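Architecture at a glance
Each chain is listed here by its residues.
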Amino acid sequence: ESGTPGYLYIESGFGVGPSIALADYNHTVYKYNADTLALVSSSTFVSGADNKSLDIARDGSGNLYVVGKSSQAGNTLGTIVKYDSGLNFISSATIGTQIGVNLHGFGAIAIDTTTNQVYATGADAIYRLTSSLEQIASMNYGAYGLVVQNSSNVYTANGDFNNWHIRRLNAN
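Model, not experiment: these values are computed from the prediction. (Residues numbered from 1 in each chain as written. Predicted model: local features only at pLDDT ≥ 70, side-chain atom pairs only at ≥ 80, totals over all residues. Heavy atoms only, no water.)

1. Points about the environment of Gly-159
For clarity, the threshold we go by: Helix and strand definitions follow DSSP, with helices as H or I runs of at least four residues and strands as E runs of at least two, each counted in order from the N terminus. Relative accessibility under 20% of the residue-type maximum defines a buried residue, over 50% an exposed one, and the middle range a partly exposed one, all with a 1.4 Å probe and only protein chains included. Should any heavy atoms of two residues lie within 4.5 Å, those residues are considered in contact.
Mapped onto the fold, Gly-159 is located in strand β13 (residues 153-159). By relative accessible area, which is 28% here, Gly-159 ends up partly exposed. Residues Gly-159 and Ala-123 lie 36 residues apart in sequence; the distance between their C-alpha atoms is 9.8 Å. Sequence-distant contacts of Gly-159, defined by excluding residues within four places in its chain, comprise Tyr-144, Trp-164 and His-165.

Printed below as a string of structure tokens:
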């Protein structure tokens, strides 16, 4: 994800442990100088669960949002972590089965730059949140890709190896 001029931000759910099978995973964001590709800084969010980062987005103020999966006690939940452009932690939210489905984590995130609302989706649901990560709305329709356009249209992509579908949802 391109960030403030001159920087690139990359998310990664890396594993730390004696082997891949025993690794603990955490949400990590890296900030690189775009010209030299030198690492400037990084930040890791440790929640005591097995976390995997899967997507990153930036809002109009330069804040970064990292989404992924958080596995706790056999349940896979969606996690969003918010940082400022210096990779200082601002807040986080974990969302599970509030709408009657097992979320299986978040795989995509998009920011509506007109309203600063956050859209996150997993295999089973789409959530709309405030920039403070408070839930506004949700629906039982999951997707693997997500784009928000001019505060009213949300485009999603989902499917399997043979059939992919693009849908436009009205966010209002």
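There's more to say after this.
2. Section: the nonpolar core
As a reminder, the rule being used: Put simply, a nonpolar core is a bunch of buried Ala, Val, Leu, Ile, Met, Phe, Trp, Tyr and Cys residues held in one set by side-chain atoms that sit within 4.5 Å of each other.
In this structure, Tyr-65, Ile-80, Phe-106 and Ile-109 are the most contacted members of the largest nonpolar core, which totals 15 residues. Of all the secondary structure elements, the ones that give two or more residues to this core are β5 (64-72), β7 (89-95), β8 (106-112), β9 (117-122) and β10 (126-129). Those residues in contact with Ile-109 that lie beyond four places of it in its chain are Asp-55, Ile-56, Ala-57, Tyr-65, Val-67, Ile-80, Val-118, Tyr-119, Ala-120 and Leu-146.

3. Brief notes about the sheet that holds β10
Put simply, the test is: The rule for pairing is simple: two strands pair if DSSP sees at least two bridges between them. Axis definition: a line fitted to C-alpha atoms, over the contacting stretch in the case of helices. Angles run 0 to 180 degrees between N-to-C directions.
Strand order in the open sheet formed by 4 strands is β8-β9-β10-β11, with antiparallel pairing between adjacent strands. Lying at the two open borders of the sheet, with one neighbouring strand each, are β8 and β11 (135-139). Strand-to-strand twist across the sheet, computed as the mean angle between neighbouring axes with direction ignored, equals 20 degrees.

4. Some details on the pairing of β8
Judged by how many residues are buried, β8 sits mostly within the fold: 6 of 7 residues are covered. Pairing between β8 and β9: 6 bridges, direction antiparallel. Considered in β9, the bridge of Ala-110 is made with Tyr-119. Once β8 ends, the chain turns through 4 residues before running back antiparallel as β9, passing Asn-116 with a positive phi of about 60 degrees.

5. Overview of the sheet that holds strand β12 (residues 145-149)
Across a sheet, strands are paired by hydrogen bonds formed along the backbone, either parallel or antiparallel in direction. Strand order across the open sheet formed by 3 strands is β12-β13-β14, with antiparallel pairing between neighbours. Edge positions in the sheet fall to β12 and β14 (164-170), since each of these pairs with one other strand and no more. Taken over all neighbouring pairs, the strand axes of this sheet differ in orientation by 20 degrees on average, direction set aside. Of the pairings in the sheet, the one linking β12 to β13 comprises 5 bridges and is antiparallel in character. Across the sheet, residue Gly-145 finds its bridge partner in β13, namely Ala-157.

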